[in-house]
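Coordinates in review
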Amino acid sequence: MLGILKKIERAIDVIMQPMVFAAMVALIAVITLQIVSRVFFTAVGWTEEVARFLLVWITFMGATLAFQRGRHIAVTFLVDALPGRLRQVTRILAVAVAFGFMIALVLVGYRYTQMQSFQTSASLGWSMTYVYAIIPVCGVVMGWYAFVDLVELLSEGPDTARAGSDISDPPS
């Protein structure tokens with residue numbers, strides 16, 4: 001079962017990486033257009049709005065990739081000093097808390113997206129649902145990653161999942 005979960009995790013990663021890259025390229029292009037148009041021509045009004053929306057998306061997608069790789073800030077020296085079984089229980093508890101947080105993020109993000117669905121952006125007239133839908137979507141993806149970590153910790157032991165990975169560890 002863990003093999004199937006890991007394959008799904010890698011498939012999601014294959015989709016997320018190019019999306020973050022494309023969003024970063026688009027952000028650079030939009031900001032460049034904004035600067036050039038302000039200096040040499042009349043400012044293009046929609047560029048600031050698109051840049052803001054892209055930044056929201058990049059923030060959540062980047063956080064998702066960082067979560068998958070265990071790259072968020074973590075202080076693990078106390079957990080690492082614990083004996084094997086207690087270390088495993090502590091890591092399981094930490095991943096379970098993270099999983100619970102992701103469920104809360106999905107629920108709150110969904111409610112927020114619904115609240116914003118009646119608003120439109122000023123320049124483009126887009127529904128704000130499209131902008132903020134990334135919050136529950138990335139919450140689901142991070143929840144999936146936490147679920148896989150939890151299954152991995154429960155099935156293979158204390159030192160296998162990313163929950164306590166060090167920044168120097170290569171991404172799996």
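Look above for the structure.
What comes next concerns the included structure.

Conventions and cut-offs
Residues numbered from 1 in each chain as written. Predicted model: local features only at pLDDT ≥ 70, side-chain atom pairs only at ≥ 80, totals over all residues. Heavy atoms only, no water. Helix = DSSP H or I, 4+ residues; strand = E, 2+ residues; numbered from the N terminus. Rg over C-alpha atoms; globule rule 2.2 N^0.38 Å. Buried < 20%, exposed > 50% of the residue type's maximum accessible area, 1.4 Å probe, protein only. Contact = heavy atoms within 4.5 Å. Areas by Shrake-Rupley, 256 points an atom, 1.4 Å probe, with all protein chains shown as cover. Lys, Arg positive; Asp, Glu negative; His and termini not counted. Charge placed at Lys NZ, Arg CZ, Asp CG, Glu CD. Patch = residues over 30% accessible without salt bridge, like charges linked within 9 Å, V, L, I, M, F, W, Y side chains within 5 Å. Salt bridge = Lys/Arg side-chain N within 4 Å of Asp/Glu carboxyl O. Core = buried A, V, L, I, M, F, W, Y, C linked by side-chain atoms within 4.5 Å. Phe/Tyr/Trp six-rings, centres within 6.5 Å; stacked < 30°, edge-to-face > 60°.

Scanning the protein chain from terminus to terminus reveals 6 helices and 0 strands. Reading the helices (α) and strands (β) of the protein chain from amino to carboxyl end gives α-α-α-α-α-α. Its C-alpha atoms give the protein chain a radius of gyration of 20 Å, clearly above 16 Å, the size a compact globule of 172 residues would have. Each principal axis of the C-alpha atoms in the protein chain carries an extent, and together these give about 65 × 35 × 30 Å. Within the protein chain, the fraction of its 172 residues that count as buried is 38%. Residue pairs in contact within the protein chain that sit at least 24 positions apart in sequence constitute 73% of those at least 6 positions apart. Summed over its atoms, the accessible surface of the protein chain is roughly 10,200 Å², and 73% of this surface lies on carbon and sulfur atoms. Side-chain charges in the protein chain split into 12 positive and 11 negative, and the spacing between the mean points of these groups amounts to 3 Å.

On the surface, I31, I35, V36, V39, F40 and F41 cluster together into a nonpolar patch covering about 620 Å² of accessible area. Considering the arrangement of structural elements, one finds F40 in helix 1 (residues 2–40). Relative accessible area serves as the criterion here: at 60%, F40 is assigned to the exposed category.

Looking now at the environment of I58. Tracing the chain through its elements places I58 in helix 2 (residues 46–69). The exposure class of I58 is buried, given its relative accessible area of 10%. C-alpha separation for the pair I58 and M24, spaced 34 residues apart in sequence, amounts to 7.1 Å. What I58 contacts, discounting residues up to four positions off in sequence, is A23, M24, L27 and A63.

Quick look at the side chain of S127 now. For S127, the position within the fold is in the loop between helix 4 (84–116) and helix 5 (128–132). For S127, a relative accessible area of 19% puts it in the buried group. Those residues within four positions of S127 in sequence are excluded, and the remaining contacts are S117, Q119 and T120.

This brings us to the nonpolar core. Membership of the largest hydrophobic core comes to 30 residues, with the highest contact counts inside it found for M16, L54, M61, F67, C138 and M142. For this core, the secondary structure elements donating two or more residues are helix 1, helix 2, helix 4, helix 5 and helix 6 (134–156). Per-element accounting of this core gives the leading share, 9 residues, to helix 6. In this view, M142 contacts A63, T64, F67, M102 and L105; residues no more than four positions away in its chain are not counted.

Counting across every chain of the model gives 5 aromatic pairs. Judged by centre distance (5.1 Å) and plane angle (80°), the rings of Y112 and Y132 are edge-to-face. With Y112 in helix 4 and Y132 in helix 5, this pair connects stretches of sequence that are 20 residues apart. Taken together, F99, W144 and F147 form an aromatic cluster joined through their ring pairs.

Attention shifts here to the pattern of salt bridges. Two side chains of opposite charge can pair, provided their charged atoms sit close to one another. Enumeration over the complete set of coordinates arrives at 6 salt bridges. Residues E9 and K6 are paired through a salt bridge, measuring 3.5 Å at the closest nitrogen-oxygen approach. Placement of the pair is E9 and K6 together in helix 1, with a separation of 3 residues, close to one helical turn. Note on accessibility: E9 and K6 belong to one class, buried. E48 is the partner of R38 in a salt bridge, and the nearest nitrogen-oxygen pair spans 3.8 Å. Pair noted here: R38 is in helix 1 and E48 is in helix 2, with a separation of 10 residues, a long-range link.

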